[in-house]
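An overview of the molecular structure
Take a look at the letters that make up each chain.
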Amino acid sequence: MSQSNVVFATSRNTTREDLFAKAEEIAADLSKHAAELDREGQPPLGEIVKLKNAGLLNVLHAQQVGGGGLDWVDGLRLVRILARGESSIGQLLGYHYVNSQYVYWAFDEARAQELGSKTVANSLYWGAAVNPRDPGLVLTRRGNGYVLNGRKSFSTAAHVSDYINANAALDDKIVGFAVPTNRPGYKANDDWNNFGQRLSDSGSVEFHDFPVYEEDLDKAASIGGEAPVLATFNTPLIQLVFVNFYLGTAEGALQQAIDYVRTTTRPWVTSGVEQAADDPYILERVGEFTAALKASAALADSAAATVQAALAKGHKATARERGEAAAEAYAAKVNATHVSLDITSRVFELTGARSTAEKYRFDRFWRNVRTHTLHDPVFYKAKEVGEFVLNGKIPEVSLYS
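All values derive from a computational prediction rather than experimental measurement. (Residues numbered from 1 in each chain as written. Predicted model: local features only at pLDDT ≥ 70, side-chain atom pairs only at ≥ 80, totals over all residues. Heavy atoms only, no water.)

**Points about the packing of aromatic side chains**
Considering all chains together, one arrives at 15 aromatic pairs under this definition. Both rings, one in F242 and one in Y246, keep their centres 6.3 Å apart while their planes meet at 25°; by these two values the pair is stacked. Of this pair, F242 and Y246 both sit in helix α6 (residues 234-263), four residues apart, which is roughly one turn of that helix. No difference in accessibility class separates F242 from Y246, as the two residues are buried. Seen in terms of ring centroids, F379 and Y380 are 5.6 Å apart; in terms of plane orientation they differ by 45°. Their pairing is tilted. (Phe/Tyr/Trp six-rings, centres within 6.5 Å; stacked < 30°, edge-to-face > 60°. Helix = DSSP H or I, 4+ residues; strand = E, 2+ residues; numbered from the N terminus. Buried < 20%, exposed > 50% of the residue type's maximum accessible area, 1.4 Å probe, protein only.)

**Structural notes on the UniProt feature "domain: Acyl-CoA dehydrogenase C-terminal" (unreviewed entry) in the protein chain**
In the UniProt entry, the feature "domain: Acyl-CoA dehydrogenase C-terminal" (unreviewed entry) is given for residues 241-375. A distance of 12 Å separates the end C-alpha atoms of residues 241-375, which is 71% helix and 0% strand. (UniProt positions renumbered as here; feature names shortened; annotations may be inferred.)

**Here's the deal with helix α4 (residues 87-106)**
For α4, built from 20 residues, the straight-helix expectation of 28 Å at 1.5 Å per residue is met to within 8% by its first-to-last C-alpha distance of 29 Å. When you tally the buried positions in α4, you get 19 out of 20 residues, the bulk of the element. For α4, the N-terminal capping position is held by E86, with its side-chain oxygen 2.7 Å away from the main-chain nitrogen of S88. (Expected span 1.5 Å × (residues − 1). Polar contact = N/O pair within 3.5 Å; in protein donor to acceptor, adjacent residues only side chain to side chain.)

**Observations regarding the pairing of strand β4 (residues 163-170)**
For β4, a buried count of seven out of eight residues is recorded, marking the element as mostly surrounded by other parts of the structure. As judged from the four bridges shared by strand β1 (residues 126-129) and β4, these two strands associate in the parallel manner. Paired with W126 across the strands is Y163, a residue of β4. Both β4 and strand β5 (residues 173-180) contribute to a ladder of eight bridges, which runs antiparallel. (Pairing = 2+ DSSP bridges.)

**Overview of the domain arrangement of the protein chain**
Its domain assignment divides the protein chain into domain 1 (16-125), domain 2 (128-212) and domain 3 (229-391). Taking the mean C-alpha position of each, domain 2 and domain 3 sit 30 Å from one another. Domain 2 puts four residues into the contact, and the matching count from domain 3 is seven residues. Here domain 2 packs against domain 3, burying approximately 510 Å² in sum over the two surfaces, 58% of which is carbon and sulfur. Taken as a group, F195, G196 and Q197 account for 85% of the area that domain 2 buries against domain 3, more than any other trio of residues on that side. Where domain 2 packs against domain 3, one counts zero salt bridges. Per-class residue counts for the side of domain 2 that touches domain 3 are one nonpolar, two polar and one charged. (Domains from an automatic or database assignment. Contact = heavy atoms within 4.5 Å. Buried area = accessible area lost by both parts, 1.4 Å probe. Salt bridge = Lys/Arg side-chain N within 4 Å of Asp/Glu carboxyl O. Nonpolar A, V, L, I, M, F, W, Y, C, P; charged D, E, K, R; others polar.)

As structure tokens, then:
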């Protein structure tokens, strides 16, 4: 990704309030153009540059290295704000947070600090190619290093990533590594054309004799092995990213519907009111949808605080503490899935038949949530929560749990 037009923002003199104000500003601008962006479905190169310039990519890094010093509760709230404007951008911001922070959990301290400082100094965007159900990649020893070959059917931020986390088969195990995408042999394909999350840049990637070095390999154990507890926090956190951009998408849908009702929706002929905003049935639905979103957001924030508290223990965090925190995150995931799918499909009850015109593309909110909520079956998350509550069993660690 070219950085020639990027003017990197420093976070040293930027307050928490500044960062949230910038997020709100970008979200509002995205909302104005979201229908057109959804129609075009192109990789969001310009949108990622805006996040870089606003300093939003570096908010979770320590202030000592120029980051914002925010915690995960605030970081996930920023994801929710961005998703109100455009769901895919909220997703990409959240994925970046998890992928860029993973280096602190999976690499030794010196290498983690090196990568973290480099990320902040250059405002690098981090993506991933780690789908465990799509192995695809093979590392082969060559000389003093390795070469990577193969194809991943799905990736995250294929075109816009400066760095990616990936995994591949090496001999008889799976190893993880972090590499820049500007090395020779990396190819991002233009084959993401799903009906939702059309700006998520989630197409396939290919590697052709892509060089990988020993320093690129993370120190966490291979998938299926005894990974350090700290290195397994990426899963509950990525699930909380899902929670927050689902909710942000639903919040954006409700706000668009409210704006439409105020300006365009006509009162029903037997309603007895002169404007749609006074229709008691519309008022009832707005109230119900608002209450559901507020409750789900409170649950999301509570789960984020629980995971943050466990993560803050660092290498002292136990598997039990991680599991208990994960169960809270997964309960929020179950709830946010149902709430966001319900609201994004029912806002048309507020806006009426004319709002289904293609020019509005109000269906994009539901399409976005429906597409991504299929990432992993929510009923398995409900089962894990039930196992924890009924039998005290913590979720089994994997890239999905």
